[in-house]
Amino acid sequence: MPPVEPTGWEPPYHAAWEKAAWALFPFAARAGMFGLDEFRRHLEKMHPLHYLTAFYYEHWVEAVERIGTEKAYWSRGELDKRTAYYLHYPDVRLPPNDDPALVDFAEWAVKNGFPAARDVGHEPKFAIGDRVVIDASVPRHHHRRPRYTMGRTGEIVMYHGAHVFPDTTGNGKGETAEHLYTVRFSQAELFGSEYADPNACQHTDMWEPYITRAQS
Amino acid sequence: MTRVNLVHTPRTEEEIAARVKAIESILIEKGLMSEAGVDRFAEIYEHEVGPKLGAQVVAKAWIDPDFKARLLKDATEACAELGIGGLQGEHMIAVENTPAVHNVVVCSLCSCYPWPVLGLPPNWFKSMPYRARIIREPRLCLKEDFQLDIPAEIEIRVWDSNSEIRYWVVPQRPEGSEGMSVDALAGLITRDSMIGTGLARTA
């Protein structure tokens, strides 16, 4: 695998456009354009070569661009026209908007966030210590089961109450919630004992529909 | 003959900047966004929210066992005692390094990171090599990429932030730091030590 090449320090934003690209997310979410899981689903629609080679915040721009076009916040033609204009005149100022509510929103959102915990009307099926198997099916829709866990057996080590469920919420099916657990896997279970670190383990969060009880 | 297009032409940075400005201008005209709002968001994470906040929390945990117990039980609640919390830290869990266990954090699916205590993530945290390698070969990744040699007898626990739970690490307090003030201790606690790709600095 390629080296990580970490940096000791780097600025939060590498260029001015990254600030606005990043803030597109909270403002578009505030406007009701999408929720977090729907945003992630659209990130995943990028061409893999583009995804892998893009600037990080370019992913966010792509997702907002796709959703805004799909939901008619703008037409592709209008967006292309304006893009060409700003490409030609990069120093032209943006239109004014002095609404103080938008600045207040920044303060409010950073301080409060958007909790994903929900109440559901049924008890969790599983308990800490249970051995479970992760669903290995490969749906076409957005989900949050990392590939390395599929079909693998692990042990529930934490329970977090019910959280918003990405498989419905992110796929235009309305918000639902499911019980959420943390599952611990040995490296040997994930990668085979011959190829695994014998003294390392992996923890991955799993919503209840992702798991079934392991046969002992 | 079938034409196969295998060439991918990425946008230039100037093209992306223009695209961002185009989207921004439409949202501004619709009353949904403003330059002042963008500036405020950007500024908060440039100057107010960053790893210094996480360092304060860890330093307090090092000197106050009751606080440490509360932090390890419910990091969201414990951080709220210090006025720390919010966006991307709505559900935080702090995991403690010990002489027997070393923890390290990743988001294998995208870029999830505990903003209230660490600020916005560096690009390497969001990169494909880190996301793949820390899961597949954590000990080797720490050793080769971060010059952090974790002996084979110490268990490595990797935490994937694939849900809205934000994991972060309470590093071990270094020897020789007895009697230091909270502020001095906080100076030993680096961003990487709270991701688990580094250790706290020695006193």
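Residues numbered from 1 in each chain as written. Chains lettered and ligands numbered in written order. Predicted model: local features only at pLDDT ≥ 70, side-chain atom pairs only at ≥ 80, totals over all residues. Heavy atoms only, no water.

**A word on helix α3 (residues 51-63) of chain B**
To keep it simple, the criterion reads: Per the convention used, a helix needs a DSSP run of H or I reaching at least four residues, while a strand needs a run of E reaching at least two, with both numbered from the N terminus. One less than the number of residues in a helix, times 1.5 Å, gives the span that helix is expected to have. We call a residue buried when its accessible area falls under 20% of the maximum for its residue type, exposed when it is over 50%, and partly exposed in between, using a 1.4 Å probe and counting protein chains only.
In this model α3(B) runs 19 Å from its N-terminal to its C-terminal C-alpha over 13 residues, within 8% of the 18 Å that 1.5 Å per residue would give. The set of residues buried in α3(B) consists of Leu53(B), Gly54(B), Ala55(B), Val57(B), Val58(B), Ala59(B), Ala61(B) and Trp62(B).

**Some details on the packing of helix α1 (residues 16-30) of chain A against helix α6 (residues 100-112) of chain A**
Residue and element names in this part refer to chain A. Definition in use: Comment: axis = line fitted to C-alpha atoms, over the contacting stretch for helices; angle = value between 0 and 180 degrees taken between N-to-C directions. Roughly parallel here means an angle under 35 degrees, roughly antiparallel means over 145, roughly perpendicular means 65 to 115, and every remaining angle is called oblique. Left-handed describes a crossing whose near helix is turned anticlockwise from the far helix through less than a right angle; right-handed describes the clockwise counterpart. Note on definitions: a residue-residue contact is assigned when non-hydrogen atoms from the two residues lie within 4.5 Å. Lys, Arg, Asp and Glu make up the charged group, whereas Ala, Val, Leu, Ile, Met, Phe, Trp, Tyr, Cys and Pro make up the nonpolar group; the residues left over, Gly among them, are polar.
Relative to each other, α1 and α6 sit at 110°, their axes nearing to 11 Å. One way to sum up the angle between α1 and α6 is to call them roughly perpendicular. In the crossing of α1 with α6, the sense of the turn from one axis to the other is right-handed. Note on element contacts: α6 touches α1 through Ala101, Leu102 and Phe105, opposite Pro26, Phe27 and Arg30. Its residues assigned to classes, the contact of α1 with α6 shows 5 nonpolar, no polar and 1 charged.

**Re the confidence of the model for chain B**
Predicted coordinates in regions of low pLDDT should not be interpreted in detail. This is how it is decided: One confidence number per residue, pLDDT, is output by the predictor and ranges from 0 to 100.
Per-residue confidence for chain B averages 95 on the pLDDT scale, and 96% of its residues sit at or above 70. Both confidence scores are given for the complex: pTM 0.96, ipTM 0.96.

**Description of helix α1 (residues 13-29) of chain B**
Over its 17 residues, α1(B) extends 24 Å from the first C-alpha to the last, a length consistent with the 24 Å expected when each residue adds 1.5 Å. Of all 17 residues in α1(B), 12 are buried, a share of seventy percent or more. Residues Ile16(B), Ala18(B), Arg19(B), Val20(B), Lys21(B), Ala22(B), Ile23(B), Glu24(B), Ser25(B), Ile26(B), Leu27(B) and Ile28(B) constitute the buried set of α1(B). In this fold, the buried residues of α1(B) make contact with α1, α4 (56-70) and α5 (76-88) of chain A together with α2 (35-48) of chain B. Positive phi shows up at Gly31(B), right after α1(B), with a value of about 80°.

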